[in-house]
Amino acid sequence: ALTRTDDTSTQRLSFKPRWELPYTSPDGDVYRVFASVQGDLYSVNDVQESDAPENTISGVTGRLFPQVGMDWRLPLIRSSEGFSQLIEPMIGFVAAPKSQNHDLIPNEDSLSLEFDDTNLFSSNRFSGLDRVEGGTRINYGLHSGVFGLGGGFSSFFFGQSYRITDDNDFGEGTGLEDHFSDFVGRIRIQPRRFISALYRFRLDKDD
């Protein structure tokens, strides 16, 4: 519950059961199958309309939002004298109905959105529960690295997301507003146990 004297007040009851099954095949393929459903019940007062901010609405609304998906990756490792080399392609698929983020559901806990390598394969890239990420999308990337026996390593990841259906919930500049997302990645170098450098980046897909 969030109560304000001169602005929007919200009461929300949410639940999100989730089922997940990891599986590794005899050939080394690593799978993760999951399904979830998020249920929300809202009672709100004085919510601004998105098309007419000078108008406010109040009432009770609900939302039932299912998702299913599967991730696949294949870690390929080659060992040499003194180090091991890893190449790991990754693909993820998420299917859900179109987002149900209408005007009677205020956005209190999902205002901050930063698209990067940490949430590329997430089922919901919004930070909270007030906004859900609908539609069908495919995520893909490549992870590679060289790992020394003494504990030092260097690794690299590069990936992107493709959304099959339109979704207007992501604003301009987020990197997710189009069918193809921006590219995201990271570079991590750890020459020895207590020295590490990490660089994360997002590249515009067009320029």
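Note that the structure is predicted; figures quoted are calculated from it, not measured.

**Quick notes on empty space enclosed by the protein**
Right, so step 1: Taken as a whole, this structure holds 1 cavity of 30 Å³ or more when the rule is applied.
Right, so step 2: As a volume, the largest cavity reaches approximately 40 Å³.
Right, so step 3: Along the walls of the largest cavity sit Arg125, Ser161, Tyr162, Arg163, Leu176, Asp178, His179 and Ser181, which together make up its complete lining.
Right, so step 4: For the lining of the largest cavity, the per-class residue count stands at 2 nonpolar, 3 polar and 3 charged.

**Description of the side chain of Asp40**
Right, so step 1: Within the fold, Asp40 resides in strand β3 (residues 30-48).
Right, so step 2: For Asp40, a relative accessible area of 4% corresponds to the buried category.
Right, so step 3: Side-chain polar atoms of Asp40 contact the side chain of Gln38, separated by 2.9 Å.
Right, so step 4: Each residue touching Asp40, except ones within four places of it in the same chain, is listed here: Arg12, Leu13, Ser14, Thr61, Gly62, Arg63 and Leu129.

**Focus: the pattern of salt bridges**
Right, so step 1: On inspection of all chains with the given rule, the structure shows 16 salt bridges.
Right, so step 2: Note that Asp109 is salt-bridged to Arg12, the shortest N-O span being 3.0 Å. Taken together, the positions of Asp109 in the loop between β6 (83-95) and β7 (137-148) and Arg12 in strand β1 (residues 9-15) put the pair 97 residues apart, joining distant regions of the chain.
Right, so step 3: For Asp130, the salt bridge identified is with Arg12, shortest N-O distance 2.9 Å.

**Description of the nonpolar core**
Right, so step 1: Among the nonpolar cores identified, the biggest contains 9 residues, and these are Met90, Phe115, Leu120, Phe121, Phe126, Phe157, Phe170, Leu176 and Val184.
Right, so step 2: With near-sequence residues (within four places) excluded, Val184 lies in contact with Phe115, Asp116, Asp117, Leu120, Phe157, Phe158, Gly159, Phe201 and Arg202.
Right, so step 3: One finds Val44, Val47, Leu104 and Ile105 within the second-largest nonpolar core, a separate group that totals 5 residues.

**A few points about the packing of aromatic side chains**
Right, so step 1: Here the structure, examined in full by the defined rule, presents 8 aromatic pairs.
Right, so step 2: Where Phe156 meets Phe158, the ring centres are 6.3 Å apart and the plane angle is 10 degrees; that geometry is what we call stacked.
Right, so step 3: The partly exposed category is assigned to Phe156, whose relative accessible area is 35%.
Right, so step 4: By relative accessible area, which is 30% here, Phe158 ends up partly exposed.

Quick notes on the rules
- Residues numbered from 1 in each chain as written.
- Predicted model: local features only at pLDDT ≥ 70, side-chain atom pairs only at ≥ 80, totals over all residues.
- Heavy atoms only, no water.
- 1 Å grid on protein atoms, 1.4 Å probe; cavity = no way out; pocket = protein on both sides within 12 Å on 5 of 7 lines; lining within 4 Å.
- Points joined across faces, edges and corners; volume = space filled by probe spheres on them.
- Nonpolar A, V, L, I, M, F, W, Y, C, P; charged D, E, K, R; others polar.
- Helix = DSSP H or I, 4+ residues; strand = E, 2+ residues; numbered from the N terminus.
- Buried < 20%, exposed > 50% of the residue type's maximum accessible area, 1.4 Å probe, protein only.
- Polar contact = N/O pair within 3.5 Å; in protein donor to acceptor, adjacent residues only side chain to side chain.
- Contact = heavy atoms within 4.5 Å.
- Salt bridge = Lys/Arg side-chain N within 4 Å of Asp/Glu carboxyl O.
- Core = buried A, V, L, I, M, F, W, Y, C linked by side-chain atoms within 4.5 Å.
- Phe/Tyr/Trp six-rings, centres within 6.5 Å; stacked < 30°, edge-to-face > 60°.

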